Amino acid sequence: MRFLTNEDDARWEEMANQDPIIENAVDMLRTVSMDREARMLAEAREKALKDINSIRGEGIEEGIREGKREIAKKMLMEGTDINFIVKMTELTQSEVLELKDELKR
């Protein structure tokens, strides 16, 4: 309630430093208070940052997956049981069998 009735920018900053939810509200207030062009630029920047974070997350997941595949290949070359490989790498049995076929080629 204090946030909504406040008229002092310094007080908003103080509240923002104490509570991350209020900090987000202050940021949003700044954004909507900007002129149209500045608001569009801020929104575009926010979208770009979200896109970058999403791409990074996907890249990390892909890297983990590829790492599991490489470990499975090494285990296959050592003659490790397929069920054990599935259990340790969390790959499916068909994925491990596919890797085994790749190694035979």
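Cut-offs used in this document
- Residues numbered from 1 in each chain as written.
- Predicted model: local features only at pLDDT ≥ 70, side-chain atom pairs only at ≥ 80, totals over all residues.
- Heavy atoms only, no water.
- Helix = DSSP H or I, 4+ residues; strand = E, 2+ residues; numbered from the N terminus.
- Buried < 20%, exposed > 50% of the residue type's maximum accessible area, 1.4 Å probe, protein only.
- Contact = heavy atoms within 4.5 Å.
- Areas by Shrake-Rupley, 256 points an atom, 1.4 Å probe, with all protein chains shown as cover.
- pLDDT = per-residue confidence, 0-100.

## Quick look at the overall build of the protein chain
Within the protein chain, the regular secondary structure consists of six helices and zero strands. When the elements of the protein chain are put in sequence order from the N terminus, they spell out α-α-α-α-α-α. Of all 105 residues assigned to the protein chain, the portion counted as buried reaches 19%. Restricting the contact set of the protein chain to residue pairs at least 6 apart, pairs at least 24 apart contribute 22%. Working note: accessible area of the protein chain is about 8400 Å², and carbon and sulfur atoms make up 54% of it.

## Let's talk about unusual backbone geometry
Despite not being glycine, Glu-90 shows a phi value in the positive range, around 65 degrees. Inspection of the secondary structure puts Glu-90 in the loop between helix H5 (82-89) and helix H6 (93-104). For Glu-90, a relative accessible area of 61% gives the class exposed.

## Details of the environment of Lys-68
Residue position: Lys-68 is located in helix H4 (residues 36-77). Look past the residues within four positions of Lys-68 in its chain and what remains in contact with it is Thr-89, Glu-90 and Leu-91.

## Let's talk about the confidence of the model for the protein chain
Overall, the prediction assigns the protein chain a mean pLDDT of 83, with 86% of residues at 70 or greater. Across the protein chain, the element-wise mean pLDDT spans from 58 in helix H1 (residues 2-5) up to 95 in H5.

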